[in-house]
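A look at the structure
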Amino acid sequence: MKKSEELIPYSTDASMIEGNAIKVVFPKTIGEIRNIIGKENNITIRGGGTSLVGGAVPFNSVVMDLSKMNRILNLDAGNRIVEVEAGIILDELNNYLEKYNLEFPVQPSSHGVCTIGGMIAANAAGNRAIKYGKTRKWIIELEAVNGKGEVLKIKKSDLEDFSGMEGITGVIVSAKLKLEPKIKRTTSMFSIETLDSVAETAKKYKDNKEVSEIEILDKTTSSLLGLEEKYHLIVEFENEEGELKGKDYDYIMNLRDRAYPALANIGFSHIEDPEISFQKFKEFAEFLESERIPFFGHLGVGIIHPVFMQNQKNKIQRMFEVVKRFKGQITGEHGVGIIKKEFLDSINKKIIERIKNRHDPLCKMNCNKVINCGKKTEEKIEEAKDDN
C-alpha cells in the first residue's frame, strides 16, 4: 500500500484526466489477485499507464498495478511461442527475444513503456498494423481472473471477452503469444504537395506484402518535426527496398514516434483515433484541414490521429459525426475508456454490457469505463447478498 502523498502518479494516466486513488496494490501471484478482488469493490487495473482515454484513471478506487508481474515464463524458440506475465513492457520483451532472432511484431508508439497486458486489453494496433494486424491476432491463450474471482484459461474463441475489453471483465494475468523472426527493415519517406498525391502514393504501396507500415504526417506535424511544410508519407519495408537504412532508418522511426509529443507541446494534447476506410481518407483529411485540426496516423489501415486542444470539444463532436457518416469506427486502437463512452453506438454497447455482466456482475473491475455500470457497485453487492 502507498502513502497518500505517493498516490498522485496513480491518479491519472497518459490522458491527463485527474482521478483519485485510495490505495495501490502490487500483486505478484494469481492468489493475491483473487484475494484483492474478493476484498475490494472498486478496482482500477494499471499496466504502463499509457491509456490516452482514461482507461487507468481511478475514481475512489483501488489501483491494481501489475508491474511486479513482469516475468517471461517460457520461450519455445523453435515454434516461435513465448509465455509472459501481463506486466512485462513490450521493449523489454523484444530486447530479450532479440538474441533468439525473434520479436513480437505489434508496435504501438508507446513501445518503450506499454505492457503486454495493456496491449491485449486495448487490442492495440500500432504502426505496423498493415502487415501484422492487432494484438489479438497474436494471442494463442490467455490466463485471466474475472470480476467473480474465477481463474480462466481463454482460448481463441473467447478472446474477445478480455482482449479489447479494456479491463472491464477482469485482470489479464499472462499470455501465450506467437512470435515472428526479427527482420532487418528499411524505410522511405516521401514529401508530397497534395492530398491527391498522398492517396496515390499510399495506394501504390498498400497491397505490397513487403510493406509493414504506411504513416502519414500532415503539414503542421511535419513542420513541427523539422521537415518541409508538406505532407509526408513514411513507408517501411520488410526488405532492402527502402532508401533509408541503419541509422537513417532509426532516425525516421524515432521521428514518427515524436509526432504526438511535438503537437502536445504546442497545446494539441487531446488525441483521437478514428478508423475510416482508405477510400474516405482524402475527404476526411479535407474536413480536418477545414477545421484546422492537425493529424497524423496509420494511413495503411485507416487509423488517423486528429489532435485537439483541450477546449475544442465541439470540434471533436463534429469530427465523430463525420466518422459516423463515413461508416467508420470511433476508435481504432486507443479504446473507449472514459472519454468516448457517449459516442459508443447502441449495438456495441449492448454486446459489451452482456460480456461485462457475465464476467463481472458486481461491476468491480474498471467500473464505469467503456460503459456505465448502471447501479452503484454497493447496491449490486447488497442485491447479491439478498439473493444468497
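In what follows, the accompanying structure is described.

Procedures and definitions
- Residues numbered from 1 in each chain as written.
- Predicted model: local features only at pLDDT ≥ 70, side-chain atom pairs only at ≥ 80, totals over all residues.
- Heavy atoms only, no water.
- Phe/Tyr/Trp six-rings, centres within 6.5 Å; stacked < 30°, edge-to-face > 60°.
- Buried < 20%, exposed > 50% of the residue type's maximum accessible area, 1.4 Å probe, protein only.
- Helix = DSSP H or I, 4+ residues; strand = E, 2+ residues; numbered from the N terminus.
- Lys NZ or Arg CZ within 6 Å of the ring centre and 35° of its normal.
- Pairing = 2+ DSSP bridges.
- Axes fitted to C-alpha atoms, helices over the stretch in contact; angles between N-to-C directions.
- Contact = heavy atoms within 4.5 Å.
- Disulfide = S-S within 2.5 Å.
- Salt bridge = Lys/Arg side-chain N within 4 Å of Asp/Glu carboxyl O.

**Observations regarding the packing of aromatic side chains**
Under the counting rule described, the total for this entry stands at eight aromatic pairs. Between Y96 and Y100 the ring centres are 5.7 Å apart and the planes differ by 50°, which places this aromatic pair in the tilted class. The partly exposed category is assigned to Y96, whose relative accessible area is 27%. Judged by centre distance (5.7 Å) and plane angle (80°), the rings of Y205 and F237 are edge-to-face. A residue pair is termed long-range when its members are at least 10 positions apart, and Y205 in helix α5 (residues 195-206) and F237 in strand β13 (residues 231-237) qualify at 32 residues. For the pair Y205 and F237, one class covers both residues: buried. Among the aromatic side chains, those forming a connected cluster through ring pairs are F190, Y205 and F237. Between the NZ or CZ atom of K68 and the centre of the ring of F26, over which it lies, the distance is 5.8 Å. The ring of W138 has K178 sitting right over it, with the charged end atom 5.6 Å from the ring centre.

**Considering the sheet that holds strand β3 (residues 59-65)**
Judged by pairing direction, the sheet is parallel, and its three strands sit side by side in the order β1-β3-β2 without closing on themselves. Each of the sheet's edge strands pairs with one partner strand only, and the pair in question is β1 (20-25) and β2 (43-46). Each adjacent strand pair in this sheet contributes to an overall mean axis angle of 35°, direction not counted. In terms of strand pairing, β1 meets β3 through five bridges, oriented parallel. Residue N20 lies in a different strand from β3, and its bridge partner there is F59. Each of β1, β2 and β3 is contacted by helix α1 (residues 30-39), which is oriented at about 170° to β3, the strand it contacts most.

**Quick look at the state of the cysteines**
Simply put, disulfide is the name for a covalent bond between the sulfur atoms of two cysteines. This model, assessed by the stated rule, comprises one disulfide. Covalently, C363 is tied to C373 through a disulfide, its sulfur atoms 1.7 Å apart. Judged by the sign of its S-S torsion, about 40°, the bond between C363 and C373 is right-handed. Taken together, the residues C363 in the loop between α11 (346-359) and α12 (377-387) and C373 in the loop between α11 and α12 connect sequence positions ten residues apart.

**Structural notes on the pattern of salt bridges**
If charged atoms from side chains of opposite charge come close, those side chains can pair. One pass over the full model with this rule turns up 22 salt bridges. With a shortest N-O distance of 2.8 Å, E236 and R128 are connected by a salt bridge. Taken together, the positions of E236 in strand β13 and R128 in the loop between α3 (116-122) and α4 (129-132) put the pair 108 residues apart, joining distant regions of the chain. The class of E236 is buried, set by a relative accessible area of 0%. What makes R128 buried here is its relative accessible area of 8%. Shared partners join several salt bridges into a network, and the residues in it are E103, R128, R185, E236 and E238.

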